[in-house]
Amino acid sequence: MTAANAIRSDIDIHELCCTADLVAWSGVVALHQGHQIALFYLPQGHDRQGEAEIFALDNHDPFSGANVIGRGIIGDKGGEPVVASPIYKQHFRLRDGVCLEDPEQRLTVWPVRLEGDMVVLETPAPDHPTR
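For clarity, every value in this text was computed on a predicted model and none was experimentally measured.

**Remarks on the environment of Pro86**
As for its position among the elements, Pro86 is in the loop between strand S6 (80-84) and strand S7 (91-93). The sequence separation of Pro86 and Pro103 amounts to 17 residues, and the corresponding C-alpha distance is 18 Å. Not counting residues up to four positions away in its chain, the partners in contact with Pro86 are Val68, Arg71 and Gly72.

**Considering the pattern of salt bridges**
As enumerated under the stated definition, the model contains five salt bridges in all. Note that Arg95 is salt-bridged to Glu53, the shortest N-O span being 3.5 Å. Within this pair, whereas Arg95 is found in the loop between S7 and strand S8 (112-115), its partner Glu53 is found in strand S4 (residues 53-58), the two being separated by 42 residues in sequence. Taking the relative accessible area as the measure of exposure, Arg95 reaches 39% and is therefore partly exposed. You can call Glu53 buried: its relative accessible area is 17%.

**Re the packing of aromatic side chains**
Evaluation of the coordinates by the stated rule reveals one aromatic pair. Ring geometry for Phe63 and Phe92: centres 6.2 Å apart, planes at 45°, overall tilted. On the criterion of sequence distance, the pair formed by Phe63 in the loop between S4 and strand S5 (73-77) and Phe92 in strand S7 is long-range, its members being 29 residues apart.

**What about the confidence of the model for the protein chain?**
Averaged over every residue, the pLDDT of the protein chain is 90; residues scoring 70 or more account for 91%. Confidence, expressed as mean pLDDT per element, reaches its minimum in the protein chain at helix H1 (residues 3-7) with 48 and its maximum at S7 with 98. Here residues 1-6 is a poorly scored stretch, pLDDT under 50, and it has seven contacts once near neighbours within four places are set aside; other chains count.

**Digging into the sheet that holds S7**
Spatial strand order, S5-S6-S7: three strands in an open sheet with antiparallel pairing. Of all strands in the sheet, those bounded by a partner on one side alone are S5 and S7. The mean angle between the axes of side-by-side strands here comes to 40°, regardless of whether they run parallel or antiparallel. Across five bridges, S5 lies against S6 in antiparallel orientation. Across the sheet, residue Ile73 finds its bridge partner in S6, namely Ala84.

**Some remarks on the side chain of Asp61**
Relative to the assigned elements, Asp61 resides in the loop between S4 and S5. Comment: no salt bridge for buried Asp61; closest opposite-charge side chain is Lys89, at 9.1 Å. Discounting chain neighbours no more than four positions away, the residues touching Asp61 are Ala66, Val68, Ile69, Ser85, Ile87 and Phe92.

Conventions used here
- Residues numbered from 1 in each chain as written.
- Predicted model: local features only at pLDDT ≥ 70, side-chain atom pairs only at ≥ 80, totals over all residues.
- Heavy atoms only, no water.
- Helix = DSSP H or I, 4+ residues; strand = E, 2+ residues; numbered from the N terminus.
- Contact = heavy atoms within 4.5 Å.
- Salt bridge = Lys/Arg side-chain N within 4 Å of Asp/Glu carboxyl O.
- Buried < 20%, exposed > 50% of the residue type's maximum accessible area, 1.4 Å probe, protein only.
- Phe/Tyr/Trp six-rings, centres within 6.5 Å; stacked < 30°, edge-to-face > 60°.
- pLDDT = per-residue confidence, 0-100.
- Pairing = 2+ DSSP bridges.
- Axes fitted to C-alpha atoms, helices over the stretch in contact; angles between N-to-C directions.
- Lys, Arg positive; Asp, Glu negative; His and termini not counted.

This is how it looks when you write it as C-alpha cells:
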C-alpha cells in the first residue's frame, strides 16, 4: 500500500508497468481491466527541459474507430503536448484528451504517475464509481 492509497480511500492504485517498458517520446499500449490505455512518456517533459512526464489516454481513435492512438506521433501545438492520430491526423492534447480540430471529441484521460520505476494508474475505488 502506498501513502497515497492510505490517505485516499476513494481511489485504487494499480502498478501498470515498469518505466523500462516505456519508449521515450513515443507511445506504448497497456491493457488494464479490458481497457487499452496509450501511455506517452516524455523523459524531460514536453519542453525537453523539465522533469519526466507521463500521460495515459484511451487508445481508441473516435474518428477512425481503430485502436491506434498509442501509435500516434507526439508533438507540440501552441505549447501543449499533443498526439496526432496515425490515421486521419487529428491532434489530441495529452493533458485532457481534447481534439484540437473538433473540441466535441475527447479521449478518456487516465490519472497516471511515475512512482520510482513503476507506472502507477489510479482508478475510482469500487465504492466510489465516479469515472
